[in-house]
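Close look at the chain arrangement
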Amino acid sequence: MYHLYLVTSVGGRAGFGIATDYRERNKQYASHSGDIVKFSYIYGGLRTHAKAIERTIKTQFSDNIWIVDDWKTEWLKDGVTMQDLKAYVDQLLKERSFYRLTVIAEDYDFKQGLIATN
Amino acid sequence: MTFKFNYEEVVRKPNPMVEINPLKRGKGRTVNLQDRVDKLNKSAAWKKTTKLWTAMNKTFDLTRFPQVSMEPLGALDIDEDIQRELDEKHCANRIANPAVFDPALLQPVICIKTSKGKFISIDAQHTVSTVAGLIDAGLMPGVTDWKEFKFPFMYIETNNLSYARKAFSILNGKGKKKQSQYQQLRNSVFVIRIDKDRSDEDDVKVEKLVAAAESHLCFPVEEDSTLLKHPGTFSNISTFKSLSINEIDTACGWHDKYFHYEGVHVSLFFIYRDLCREFGSAKIPLSEKLQEELAAMIQKLFGNLSQFQESVTEAHRRWHEKSYGYKGSWNDDAYACALVQLYQKFGGKEKVAPTLLDRFDNLIEFFDEDIMGLAD
């Protein structure tokens, strides 16, 4: 199973990413920021579908991406909230019902270990 | 085994590109040079550069400013160590092509003038050779000796041939902002749509290709354009131009019917180029059912063509290494072969061109397990 996660930074900024091992990835965020970082939502499913959704966020949601100098980050600009991002992803999944991705965890950090999935 | 997948409709939304497509019409706007100076003055890069000039105490040296005069063509020499060999076909088929030749489009010769009064060409040897050749052939009424014919020369006075060499390099690419593929395409389209000039068959073909794409809500845009966020856009112009009008019509029709909510991925053009050509050669119709089932398979296995491309590239890498024992470079022909082979693997029953089945033997076995596991 592959994962698309929606992350909230320590300062409250919303972001996103993809990972095979979401626990390891969450640890890396904690290590960089020096604090517990929450994956507000983790979606699990087919690798290609997780990547396709991430790519769609980067292109079709691009007006909301936080750009540092000319670098397009994987964070959203000021004023765009986690609720906005979650609503966008859920809308995509609703409109493109062929995507095999479902929420497998909310408000996750690495201390919770791995989430049991069926 | 029955085919595993059904295409799932995605609600169609109005595509803003229909209204904002830059190729629909020109801006119809002319600006004066002041507009461009104002733009420069607002640019951070420009401000940085002018500051650097001041810091380096550099000023515009008017003594190095080029001169322009009308000089007889016989006064010009060509240094073969600076300019390229003459391309006779370029003179004959491009510049002097009677269907398009227009003296108004000739460019001045760029050259140096030595202290001995000799002019040495840096750029435009093909232009002046063509003009001299046309006079020599008796095709310029009233002019018999090309050596005496006066032509615009732009030059600086120097004996330094290294200047000429550097200048040739700049004028022919290095240091010059080249026209992008998109800009060239836009020029061709505007020559037809705005200027109503259909005299150049290349321009006519390019405009027809663009019109075929647009009729299916597919739109070429500049590389890195912000318009790429809109569905139906694409920036790989050279691949697009390599297809026939019928191939573009079929490819873009498929994209619009099944993936109207996505940008056009470049693999679409390679896939349809090969499907059209191989099915055509085999006299097998590219059936509606097959095309819908291919769309369904891409949706379910990959989500879109972009992810199909990632997966097939990785599969090809593994396949090549396993088959030949070393890393090979990607082959665009693998897109259509892999797609058709996957189609059969997942139970597709429509007739396909056999030439797409016997290449890249066992390539599909190298796709990720989570993809191939869906066949069980």
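Keep in mind it's a predicted model, so treat the numbers as computed, not measured.

Bringing the overall build of chain B into the picture now. Tallying secondary structure elements over chain B gives 15 helices and 7 strands in all. Its C-alpha atoms give chain B a radius of gyration of 28 Å, more than 25% over the compact-globule value 21 Å for 376 residues. If you line up chain B on its principal axes, its C-alpha atoms span 85 × 55 × 50 Å. Among the 376 residues that make up chain B, the fraction classed as buried is 31%.

Secondary structure assignment for chain A yields 3 helices and 6 strands. The linear arrangement of helices and strands in chain A, starting from the amino end, is β-β-α-β-α-β-β-α-β. Relative to its length of 118 residues, chain A is compact, with a C-alpha radius of gyration of 14 Å against a globular reference of 13 Å. Each principal axis of the C-alpha distribution contributes one length, and for chain A these read about 40 × 35 × 20 Å. By sequence separation, contacts in chain A at least 24 residues apart represent 68% of the contacts at least 6 residues apart.

Residues and elements named next belong to chain B. In this model, helix α11 (residues 267–281) (15 residues) spans 21 Å end to end at C-alpha, consistent with the 21 Å of a helix rising 1.5 Å per residue. Of all the 15 residues making up α11, 12 are buried; the element is thus mostly covered by neighbouring parts of the structure. When we look at burial in α11, the residues that qualify are Ser 267, Leu 268, Phe 269, Phe 270, Ile 271, Tyr 272, Arg 273, Asp 274, Leu 275, Cys 276, Glu 278 and Phe 279. Along its buried surface, α11 packs onto α9 (237–241), α10 (245–258), α13 (305–324) and α14 (334–345).

Residues and elements named next belong to chain B. At a minimum axis distance of 10 Å, the contact between helix α4 (residues 88–95) and helix α5 (residues 125–136) shows a crossing angle of 70°. In terms of orientation, α4 and α5 fall into the roughly perpendicular class. On α5, the residues touching His 90, Cys 91 and Ile 95 of α4 are His 126, Thr 127, Ser 129, Thr 130 and Gly 133. Tallied by class, the residues present in the contact of α4 with α5 amount to 2 nonpolar, 6 polar and no charged.

Time to look at the nonpolar core. All names here are of chain B. Formed by 62 residues in total, the largest nonpolar core has its most connected members in Met 297, Ala 336, Ala 338, Leu 339 and Leu 363. Those elements giving two or more residues to this core turn out to be α7 (181–193), α8 (201–214), α9, α10, α11, α12 (288–301), α13 and α14. It is α14 that provides the largest number of residues to this core, a total of 9 residues. Once you skip the residues sitting within four places of it in the chain, Ala 336 turns out to touch Phe 270, Ile 271, Asp 274, Leu 275 and Leu 356.

It is worth spelling out helix α2 (residues 47–60) of chain A at this point. Over its 14 residues, α2(A) runs 20 Å from end to end, which matches the ideal 20 Å to within 8%, given 1.5 Å per residue. Within α2(A), burial applies to A:Arg47, A:Thr48, A:His49, A:Ala50, A:Lys51, A:Ala52, A:Ile53, A:Thr56 and A:Ile57.

On to the pairing of strand β1 (residues 2–8) of chain A. Residues and elements named next belong to chain A. By the criterion of burial, β1 is predominantly enclosed, with 6 of the 7 residues buried. Relative to strand β3 (residues 38–45), β1 runs antiparallel, the two sharing 7 bridges. Each bridged residue has a counterpart across the sheet, and for Tyr 2 the counterpart in β3 is Gly 45. Direction of pairing for β1 relative to strand β2 (residues 14–19): antiparallel, over a ladder of 6 bridges. Following the sheet pairing, Thr 8 is matched in β2 by Ala 14.

All right, on to the domain arrangement of chain B then. Each assigned domain of chain B is listed with its residue range as follows: domain 1 (62–171) and domain 2 (221–375). Of note, the centres of domain 1 of chain B and domain 2 of chain B, computed from C-alpha atoms alone, are 49 Å apart.

To continue, consider the environment of B:Tyr7. All names here are of chain B. Position of Tyr 7 among the secondary structure elements: in the segment before α1 (17–20). The class for Tyr 7 is partly exposed, based on 18 C-beta atoms found within 10 Å. Separated by 202 residues in sequence, Tyr 7 and Leu 209 place their C-alpha atoms 28 Å apart.

Quick look at the interface of chain B and chain A now. Listed by partner, the interface residues are 18 residues for chain B and 15 residues for chain A. Every element with two or more residues in the side of chain B that touches chain A is listed here: α12 and α13 of chain B. A total of 4 residues in the side of chain B that touches chain A trace back to one element, the largest contributor, which is α13(B). Its residues placed into classes, the side of chain B that touches chain A shows 5 nonpolar, 7 polar and 6 charged.

Let's shift gears to the sheet that holds strand β5 (residues 150–157) of chain B. Residue and element names in this part refer to chain B. As summarised here, the arrangement of the 5 strands in space is β1-β5-β3-β4-β2, forming an open sheet in which the pairing is mixed. The open sheet has two edge strands with one neighbour each: β1 (67–72) and β2 (76–78). In this sheet, adjacent strand axes meet at a mean angle of 50° when their direction is disregarded.

For residues other than glycine, phi is negative in most cases, and the peptide bonds are mostly trans. Residue and element names in this part refer to chain B. Positive phi, close to 60°, is recorded for Asn 57, a residue that is not glycine. Note that Asn 57 resides in the loop between α3 (44–55) and β1. Even without being a glycine, Lys 283 presents a positive backbone phi close to 55°. Assignment of secondary structure puts Lys 283 in the loop between α11 and α12. The exposure class of Lys 283 is exposed, given the 7 C-beta atoms found within 10 Å.

All names here are of chain B. Structurally, Asn 362 is set in the loop between α14 and α15 (369–372). Under the C-beta neighbour-count criterion, Asn 362 is labelled exposed, with 10 such atoms within 10 Å. For the pair Asn 362 and Cys 111, spaced 251 residues apart in the sequence, the C-alpha separation amounts to 60 Å.

Quick notes on the rules
Residues numbered from 1 in each chain as written. Chains lettered and ligands numbered in written order. Predicted model: local features only at pLDDT ≥ 70, side-chain atom pairs only at ≥ 80, totals over all residues. Helix = DSSP H or I, 4+ residues; strand = E, 2+ residues; numbered from the N terminus. Rg over C-alpha atoms; globule rule 2.2 N^0.38 Å. Buried ≥ 20, exposed ≤ 12 C-beta atoms within 10 Å, placed from the backbone. Contact = placed C-beta atoms within 7 Å. Expected span 1.5 Å × (residues − 1). Axes fitted to C-alpha atoms, helices over the stretch in contact; angles between N-to-C directions. Parallel < 35°, antiparallel > 145°, perpendicular 65-115°, else oblique. Nonpolar A, V, L, I, M, F, W, Y, C, P; charged D, E, K, R; others polar. Core = buried A, V, L, I, M, F, W, Y, C linked by C-beta atoms within 7 Å. Pairing = 2+ DSSP bridges. Domains from an automatic or database assignment.

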